[in-house]
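Take a look at the letters that make up each chain.
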Amino acid sequence: MKTSASEPSRRPGWFDHPVLSLLLAATWLALSRSVEPVHLLSAALIALLVPRLLSSFLWPGRPIDWVAALRLLMVVLWDIVVANITVARLVLGPMNRPQPRWMAVPLASDHPRVNALFASIITTTPGTVSAVVDEQQGVIWVHALDCSDAGAMVADMKGRYETALLRVFRLPEGGRA
C-alpha cells in the first residue's frame with residue numbers, strides 16, 4: 001500500500017474505497033442483468049474482496065467532503081448541459097467565428113487525484129479538451145474550441161472546478177497533499 005512519509009503504515013480496511021466498492025457492485029449487477037439473491041450476494045462479495053485484494057496497488061483511502069463533492073457534481077452537470085448548447089450553436093453557426101486556442105492551466109495542487117479529476121472534468125465539458133497533465137511544469141494543457149479570452153477561461157476553470165476539488169479532498173488552497 002502506498003503511503004506518504006508522514007502517514008503511518010496500516011493494514012487495509014474492508015471499506016477503504018467505498019466508491020470503488022459501489023461501482024464494482026453496480027457493474028456486476030448490470031452485467032448479470034438480475035437482482036436475484038445469488039447476484040446480490042456475488043455483487044457484495046466482489047465489492048468487498050476486490051478492493052481489499054488490490055489494496056497494495058491503490059492509494060490509501062482518504063476522507064472526502066461529500067457535500068462539496070455533490071455541489072461539484074451539480075456544477076459539472078450544469079456546465080456540461082450549457083457547454084453542449086454553446087458548442088451546438090457554434091458548430092451550426094458561421095464557421096468563421098470559432099477562435100480555437102491552446103492554454104496552460106496552472107495547477108494549484110500536487111495531489112494526483114485532484115489533478116486527474118480536474119483534467120477529467122475539463123475533458124467532459126464540451127468545447128474543451130485537456131491534452132496533457134504536465135506535473136513537472138505544474139500545468140494542464142487545454143485546447144478550447146472557442147476562446148476569445150484565455151485568462152478568463154483559465155480563471156473560470158480554476159474557480160469552478162479546481163477550488164471545489166480542493167474542498168472535496170479537504171486540501172488547503174495551496175493543494176499540497
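Just so it is clear, the structure is predicted and the values come from calculations on it, not from any experiment.

(A) How the structure looks around the pattern of salt bridges. Summed over all chains, the structure comprises two salt bridges. One salt bridge in this structure joins R160 and D79, with 2.7 Å as the shortest N-O distance. Residue R160 is found in helix α5 (residues 150-168), and its partner D79 is found in helix α3 (residues 66-92); the two are separated by 81 residues along the sequence. Classification of R160 by relative accessible area gives partly exposed; the value is 31%. E162 is the salt-bridge partner of K158, the closest N and O atoms lying 2.3 Å from each other.

(B) Representation of the sheet that holds strand β2 (residues 128-134) in the model. Pairing within the open sheet is antiparallel, and its three strands lie in the order β1-β3-β2. Pairing within the sheet leaves two strands with one partner each, and these edge strands are β1 (101-106) and β2. Neighbour-to-neighbour, the strand axes of the sheet open up by a mean angle of 25°, direction not taken into account. Pairing of β2 with strand β3 (residues 139-144), which is carried by six bridges, proceeds in the antiparallel orientation. Directly across from D134, in β3, lies its bridge partner V139. Contacting β1, β2 and β3, helix α4 (residues 112-124) runs over the sheet at an angle of about 160° to β2. Across the sheet, α5 touches β1, β2 and β3, and the angle it forms with β1 is around 45°.

(C) Up close: unusual backbone geometry. The phi dihedral of R33 is positive, around 50°, even though this residue is not glycine. One non-glycine residue, R170, lies in positive phi territory at about 55°. Within the element layout of this structure, R170 appears in the segment after α5.

What counts as what
Residues numbered from 1 in each chain as written. Predicted model: local features only at pLDDT ≥ 70, side-chain atom pairs only at ≥ 80, totals over all residues. Heavy atoms only, no water. Salt bridge = Lys/Arg side-chain N within 4 Å of Asp/Glu carboxyl O. Helix = DSSP H or I, 4+ residues; strand = E, 2+ residues; numbered from the N terminus. Buried < 20%, exposed > 50% of the residue type's maximum accessible area, 1.4 Å probe, protein only. Pairing = 2+ DSSP bridges. Axes fitted to C-alpha atoms, helices over the stretch in contact; angles between N-to-C directions. Contact = heavy atoms within 4.5 Å.

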